[in-house]
Amino acid sequence: MLEIENVSRVFAERKGMFGTSPGVRALHEVSLSVRKGESFGLVGESGSGKTTLTRQILRLDTPTSGRILFEGEDMARLSPAALRALRAKVQIVFQDPYASLNPRMSVHDIVTEPMLIHRGILGLNRQQRTDRAAELLDLVGLGPQHLYRHPHEFSGGQRQRICIARALAPGPSLVLLDEPTSALDVSVQAQVLNLLIELQQRLGLTYFFISHDLGVIRYLCDRVALIYRGEIKEQGETQRLFDAPESDYTRSLLAAMPPDVRRVAGR
Amino acid sequence: MTDVPQDSRRSARAEASRRAFYRFRQSRLSMVGATMVAVVVFFTLFGNLLAPYPEHVRGGLNTAERFQAPSLAHPFGTNELGQDVLSLVMAGTPVSVAAGFAVVLIGTVLGVVVGALAGFNGGWIDDVLMRFSDLMLTIPSLILAMAVAAALGPGFVNMIIAIALSWWPGYARLVRGEVLQAREEVYVAAARAIGASPARVLFRHILPNIVSPIIVKMSLDMGFAILTVAALGFIGIGVRPPTPEWGTLLSIARNYMPDFWWTAVFPGMAMFLAVFGFNLLGDGLRDVLDPRARR
């Protein structure tokens, strides 16, 4: 469903008044493939290129080289109209639920906005959009009574549920989850993770799950890739990777895990 | 199929504005400013109707009663033409306030357009627009206004255009800075990720979030705009007599100082109160709407 082929992203060096800042190689020859219906985990430490990679997939940024194919189509070659249509199918939930909701918009406006933008594809009128927004709030466990509240009235976990409802609104098949629980309290993390698992089963979603939390990855993901300084160090089935790591980096990463996380089994 | 309760919409909005109003009321100076502005707005709307000697406002003279000191019949005295100064000051309010407001409004619209285009697009568009507004900033507004008056002739509308032309770069800079900041917000990236067009991102996600500093600057600027309008009247290229305008009144009264002080002091006081009121209101609004900018 999603093929990432030899994608590199280099941020060019900049010549300024006080010398030249060196170029940064954020991604180097990254190749991944995400299969339909699975949860694919991407693990890496801060600054390893995880977020840069999501920006390439969302086409918020353009790779220096390489291709990204979604359902067999090269995203870079799409016309602007086709790209907008594709955006209905690839959605994202960001890490920080406090920053990713427009504080001036009500929950209703936030959740209906993707349906408004993609009304050409979805064909929903105003009333249908409102109804669907209420359904989506129900689906993420919030309830339609919150429809006309504003983001500042919600807790972090509730906001993340709003973000999930927004991501589901245009009916995506692939959802990027950029550390969706790392900004939340531990008790709320589990609730949101379970909600994500439930939604995946109900809606047949494909997840691209980014995290630095190996416990979460192990709990949620079918396959995993490890990224280190912009390069994929290892990828494979979650169980295999945890049981028999091949690269030194994976081994050192697993060794650094607290023992209880290593012991607690996946699903 | 799902019932959406309508009352939660009202309660949430009402609650937010109630809180903002409460914080505003906590500051005595803000309330004083709001009251003064309310008085100014009242006279802007009704000053012409309430003037005790409407014929003087229209240019009528009464030379028998020139330079009368303040009395019950003429609380602010009379001027060199025997006109009631109170009537002139009251009738002058709409002229000054409307001119000041028009200047700020035009300046804001131009500034928001230029600043938003520059900040949102970046690159060479940003460079060209901002260097141009820097250029406009270097031209003193009074000199520009004189040049416009010389080119187009003096008058109310030309004066407003002239001041507004030198007014917008301040807004352009403010808006550009705010847009640059808002553009990097995660919710803007989120909007682009769901496929929002650039126009939608700008109008729906960026501009609504930078309204507060703009409103604050507008209310702080109202006072200065009124002063600038008066200054142009004072040097004789703004509103022409017999239309009563505070700056013009002051300019004429200058010739009769200090013996007939009331002809100058009362228009001056009106100006002072209006400017002071708008400044206090602006400070109060800033504390409520834009707490970051508080010094």
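Let us look at the structure shown here. (Residues numbered from 1 in each chain as written. Chains lettered and ligands numbered in written order. Predicted model: local features only at pLDDT ≥ 70, side-chain atom pairs only at ≥ 80, totals over all residues. Heavy atoms only, no water.)

Examining the interface of chain B and chain A
Taken residue by residue, the interface counts 26 residues in chain B and 33 residues in chain A. Here chain B and chain A share an interface that buries about 2700 Å² over both sides, 58% of which is from carbon and sulfur atoms. In this structure, A:Glu113 and B:Arg200 form a salt bridge, with 2.8 Å as the shortest nitrogen-oxygen distance. Elements that contribute at least two residues to the side of chain B that touches chain A include exactly helix H1 (7-26), helix H8 (186-193) and helix H9 (198-206) of chain B. Top element by residues in the side of chain B that touches chain A is H8(B). It accounts for six residues. (Contact = heavy atoms within 4.5 Å. Buried area = accessible area lost by both parts, 1.4 Å probe. Salt bridge = Lys/Arg side-chain N within 4 Å of Asp/Glu carboxyl O. Helix = DSSP H or I, 4+ residues; strand = E, 2+ residues; numbered from the N terminus.)

A look at the environment of A:Ile217
Residues and elements named next belong to chain A. Note on placement: Ile-217 falls in helix H8 (residues 214-220). Separated by 178 residues in sequence, Ile-217 and Ser-39 place their C-alpha atoms 9.2 Å apart. The residues touching Ile-217, leaving out its near neighbours within four places in the chain, are Gly-41, Leu-42, Val-43, Phe-209, Ser-211, Val-224 and Thr-238.

Examining the nonpolar core
In this structure, B:Met159, B:Ile206, B:Ile226 and B:Trp246 are the most contacted members of the largest nonpolar core, which totals 59 residues. Of all the elements, helix H4 (residues 85-121) of chain B adds the most residues to this core, at eleven residues. Excluding residues that lie within four positions of it along the chain, B:Met159 makes contacts with B:Ala99, B:Val229, B:Leu232, B:Gly238 and B:Val239. Membership of the second largest hydrophobic core comes to 50 residues, among which are A:Ala133, A:Ile162, A:Leu199 and A:Leu205. (Core = buried A, V, L, I, M, F, W, Y, C linked by side-chain atoms within 4.5 Å. Buried < 20%, exposed > 50% of the residue type's maximum accessible area, 1.4 Å probe, protein only.)

Some details on a nonpolar patch on the surface
Residues and elements named next belong to chain B. Taken together, Met-257, Trp-261, Val-265, Met-269, Phe-272, Leu-273 and Phe-276 make up a surface patch of nonpolar side chains, about 630 Å² in accessible area. Position of Val-265 relative to the elements: it lies in helix H12 (residues 262-289). In this structure Val-265 comes out as partly exposed when scored by relative accessible area, which is 34%. (Patch = residues over 30% accessible without salt bridge, like charges linked within 9 Å, V, L, I, M, F, W, Y side chains within 5 Å. Areas by Shrake-Rupley, 256 points an atom, 1.4 Å probe, with all protein chains shown as cover.)

So, the pairing of strand S11 (residues 223-228) of chain A
All names here are of chain A. Counting buried residues along S11, five of its six residues qualify, which places the element largely inside the surrounding structure. With four bridges connecting them, strand S5 (residues 39-43) and S11 associate as parallel partners. By the bridge assignment, Leu-42 is partnered in S11 with Ala-225. In this sheet, strand S12 (residues 231-237) lies alongside S11 in antiparallel orientation, the contact comprising six bridges. The residue bridging Val-224 from the neighbouring strand is Gly-236, located in S12. Hairpin geometry of S11 and S12 is characterised by an intervening segment of two residues between the two adjacent antiparallel strands and by a positive phi of about 50° at Arg-229. (Pairing = 2+ DSSP bridges.)

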